[in-house]
Amino acid sequence: MIPVNTPLLAGNEKKYINECIDTGWISSEGPFVTRFENEFSTYVDRDFGIAVANGSAALDIAVKAVGIEEGDEVIMPTFTIISPAFSVVKQGGVPVLVDCDPLTWGMDVNQIEDKITPKTKAIIAVHIYGFPVDIDPLMEIATKHGLKVIEDAAEMHGQTYKGKKCGSFGDISIFSFYPNKHITTGEGGMLVTNSKALNEKCKELRNLCFSPDKRFVHEDIGWNYRMTNLQAALGVAQLEQIDNFITRKREIGSLYNSSLSGIDCVDLMPVSTEYPKNIYWVFGILLNKKSKYDADEIMTRLRKHSIGSRPFFYPMHLQPVFLKMGLFKNENYPVAENLADNGFYIPSGLGISNEEIEEVASSLMLILS
Ligand SMILES: *Cc1c(COP(=O)(O)O)cnc(C)c1O
């Protein structure tokens, strides 16, 4: 079986984990946590890093920290993981959706301004799969209307936009370190910001809002979203290798591109746009009108060849959980719907070998021919 993702843990991971065990520092109090926060925030050009339990936790904290409250509207893409919308709804806010840019599959920035109302408080800019959102015009809109910006860079470790690191835009940015991300801590996430006030607020929210003055006294609602020293040890070791990881991800992308570019029933993501090169968080395949099958059928057939795959995100405006809440009634986002029906991604984790890539590509070609 070639799984859809295999992580690569061949650097100092074992050494640093052993250090945690040898010293007894396994909780969030251990020294790797601060070290990982400092090294990762520096890597993405931010002043502060707040390590947390996972990327979804980071979004919960970010949404609350920027002040989203009951009735506030937050603009975000419909084509993403559920986490940003959940975080907004949990604070009593209302997610307001835009469709995707058909070229990069990220949020279509041109649709944002039409969605702004007097209740709009923030935009969550979610980078999708390989390319960053077109951030400059998004920031202009946010500044013009006085909106907060949360950057969801969970898939963009090391990616840049016009020479600046993803994770350095807006009021606060979040990352995930799930095993299919460019670097992993098993489960894990981080918020990064340049604001001293947001840094302090996030640290409180991560730790049950313990009062700094008197322990076990709480003035606000928080979570236990702390990252352990064991996770951070993995993170430090992974970060040491990130340049190689990004190079390898692009190599995996280009191997697939050269094998699959001749197939006329699929559209592949571009290798680059006018600002960045594709970082291939995943290698996505979009079936076009010439395909005999839809994505589900192809994934079933891949499974018979012992190859793992995953469907694309299911759009927010079709999620039963939100429809039951009365959200997004009769809204349509044709680009996202097409991606959801006809998109899937194939194995591209850092642990994959070139032989496996070849096997995936040739099986896929056989199925699609
Ligand atoms: C992975 C991901 C998250 C959530 O991260 P977890 O660590 O899995 O909670 C959030 N946003 C995007 C865009 C992601 O890809």
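About the cut-offs
Residues numbered from 1 in each chain as written. Predicted model: local features only at pLDDT ≥ 70, side-chain atom pairs only at ≥ 80, totals over all residues. Heavy atoms only, no water. Buried < 20%, exposed > 50% of the residue type's maximum accessible area, 1.4 Å probe, protein only. Helix = DSSP H or I, 4+ residues; strand = E, 2+ residues; numbered from the N terminus. Arc of directions from axis to C-beta. Contact = heavy atoms within 4.5 Å. Near = heavy atom within 4 Å. Polar contact = N/O pair within 3.5 Å; in protein donor to acceptor, adjacent residues only side chain to side chain. Areas by Shrake-Rupley, 256 points an atom, 1.4 Å probe, with all protein chains shown as cover. Nonpolar A, V, L, I, M, F, W, Y, C, P; charged D, E, K, R; others polar. Domains from an automatic or database assignment. Buried area = accessible area lost by both parts, 1.4 Å probe.

### Re helix 9 (residues 295-304)
Part 1 of the argument: For helix 9, the complete set of buried residues consists of Ala295, Ile298, Met299 and Leu302. Along the axis of helix 9, the buried positions cluster into a sector of 100°, meaning they face one direction only. Among the exposed residues of helix 9, those oriented more than 90 degrees off its buried face are Asp296, Arg303 and Lys304.
Part 2 of the argument: Residues of helix 9 that are buried sit in contact with strand 11 (283-287), strand 12 (310-311), helix 11 (334-342), strand 13 (343-346) and helix 12 (354-368).
Part 3 of the argument: Looking one or two residues past helix 9, serine 306 carries a phi angle of roughly 60°, positive in sign.

### What about the site of the ligand?
Part 1 of the argument: Every residue near the ligand is listed here: Asn54, Gly55, Ser56, Leu59, Ile81, Val126, Asp152, Ala154, Glu155, Ser176, Lys181 and Gly188.
Part 2 of the argument: Taking glutamate 155, its side chain carries an N or O atom lying 2.5 Å from an oxygen atom of the ligand.
Part 3 of the argument: Protein chains shield 92% of the accessible area of the ligand, which is 380 Å² for the free molecule.
Part 4 of the argument: Looking at the shell around the ligand element by element, the count peaks at three residues for helix 3 (residues 55-65).
Part 5 of the argument: The residue makeup of the shell around the ligand, split by class, is four nonpolar, five polar and three charged.

### Notes on the domain arrangement of the chain
Part 1 of the argument: Considered domain by domain, the chain is made up of domain 1 (13-239) and domain 2 (242-368).
Part 2 of the argument: Spacing between the C-alpha centres of domain 1 and domain 2 amounts to 24 Å.
Part 3 of the argument: Taken together, the two surfaces of domain 1 and domain 2 that pack against each other cover about 3,600 Å², and 75% of this comes from carbon and sulfur.
Part 4 of the argument: Together, Trp105, Tyr129 and His182 form the three largest contributors to the area buried by domain 1 at its contact with domain 2, with a combined 23%.

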